[in-house]
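A structural walkthrough
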Amino acid sequence: RDRFHSAEKGTLFLDEIGEMPVSLQVKLLRVLQERQVVRVGATRPEAVDIRVLAATNRNLADEIRAGRFREDLFYRLNVIPIEIPPLRERREDVPALVHHFIEAHAERSGMSVKGISPAAVEALCRHPWPGNVRELENLVERMVILRREGEIGLEDLPVEYRDAAPG
């Protein structure tokens, strides 16, 4: 089943919509307008009842001006815009995210990591997070795998995260 049919009566999440080639944007716009898709090899369109949630780290107004994003698709998707600032602008979220990722990755990998020291959390709060939340999650996954059990300490952080300049 294709993504649209799999999301029937639910939500389809399109990550990094700003990266989508214009040729695919045309097809997506058609699906959103007509609420129908034609499966590969099919001859007739089929109705789909989905909600679309799209995310991007790009400024779509700039992408429209540059001809890389269709304005009509932008307005079709921009029904309820939600702007989430990058992690570097909301460092107060780092501790909750770290604890969430530790729990999730410890469970997924079968490790017995139970938490993180306050000093390590403080160091992570100072990091500028150019890779945003994905960078944080990947770092936590790495630390959980390498630590295996107990508490992640400051010494478990790679040096570039320990030595971050104060924010």
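For the structure, see preceding data.
Notes on the structure in this doc start here. Quantities reported herein were computed from a predicted structural model and do not represent experimental measurements.

A word on a nonpolar patch on the surface. Residues Val79, Ile80, Ile82 and Ile84 make up a contiguous nonpolar surface patch of roughly 490 Å² in combined accessible area. Assignment of secondary structure puts Ile80 in the loop between helix H4 (71-77) and helix H5 (94-109). The class for Ile80 is exposed, based on a relative accessible area of 69%.

The next point concerns helix H7 (residues 132-147). For H7, with 16 residues, the first-to-last C-alpha span of 23 Å sits near the 22 Å given by 1.5 Å per residue. Buried within H7 are the following residues: Glu135, Leu136, Leu139, Val140, Met143 and Val144. The buried residues of H7 occupy an angular sector of 165 degrees when projected down its axis, which confines them to one face. Turning to H7, the residues buried within the fold contact H5, strand S5 (112-116), helix H6 (118-126), strand S6 (149-152) and helix H8 (159-162). Looking one or two residues beyond H7, the residue adopting positive phi is Arg148, at roughly 70 degrees.

What follows deals with the side chain of Glu63. The topology assignment puts Glu63 in helix H3 (residues 60-65). Among the polar contacts listed, one links the side chain of Glu63 to the side chain of Arg68, at a separation of 2.8 Å. Setting aside residues up to four positions removed in sequence, Glu63 forms contacts with Gly18, Arg58, Arg68 and Phe69.

Now for the environment of Val31. Its location among the elements puts Val31 in helix H2 (residues 22-34). Along the sequence, Val31 and Val48 sit 17 residues apart, while their C-alpha atoms lie 8.5 Å from each other. Residues within four places of Val31 in sequence aside, it is in contact with Phe4, Gln36, Val37 and Val48.

Calculation criteria
Residues numbered from 1 in each chain as written. Predicted model: local features only at pLDDT ≥ 70, side-chain atom pairs only at ≥ 80, totals over all residues. Heavy atoms only, no water. Patch = residues over 30% accessible without salt bridge, like charges linked within 9 Å, V, L, I, M, F, W, Y side chains within 5 Å. Areas by Shrake-Rupley, 256 points an atom, 1.4 Å probe, with all protein chains shown as cover. Salt bridge = Lys/Arg side-chain N within 4 Å of Asp/Glu carboxyl O. Helix = DSSP H or I, 4+ residues; strand = E, 2+ residues; numbered from the N terminus. Buried < 20%, exposed > 50% of the residue type's maximum accessible area, 1.4 Å probe, protein only. Expected span 1.5 Å × (residues − 1). Arc of directions from axis to C-beta. Contact = heavy atoms within 4.5 Å. Polar contact = N/O pair within 3.5 Å; in protein donor to acceptor, adjacent residues only side chain to side chain.

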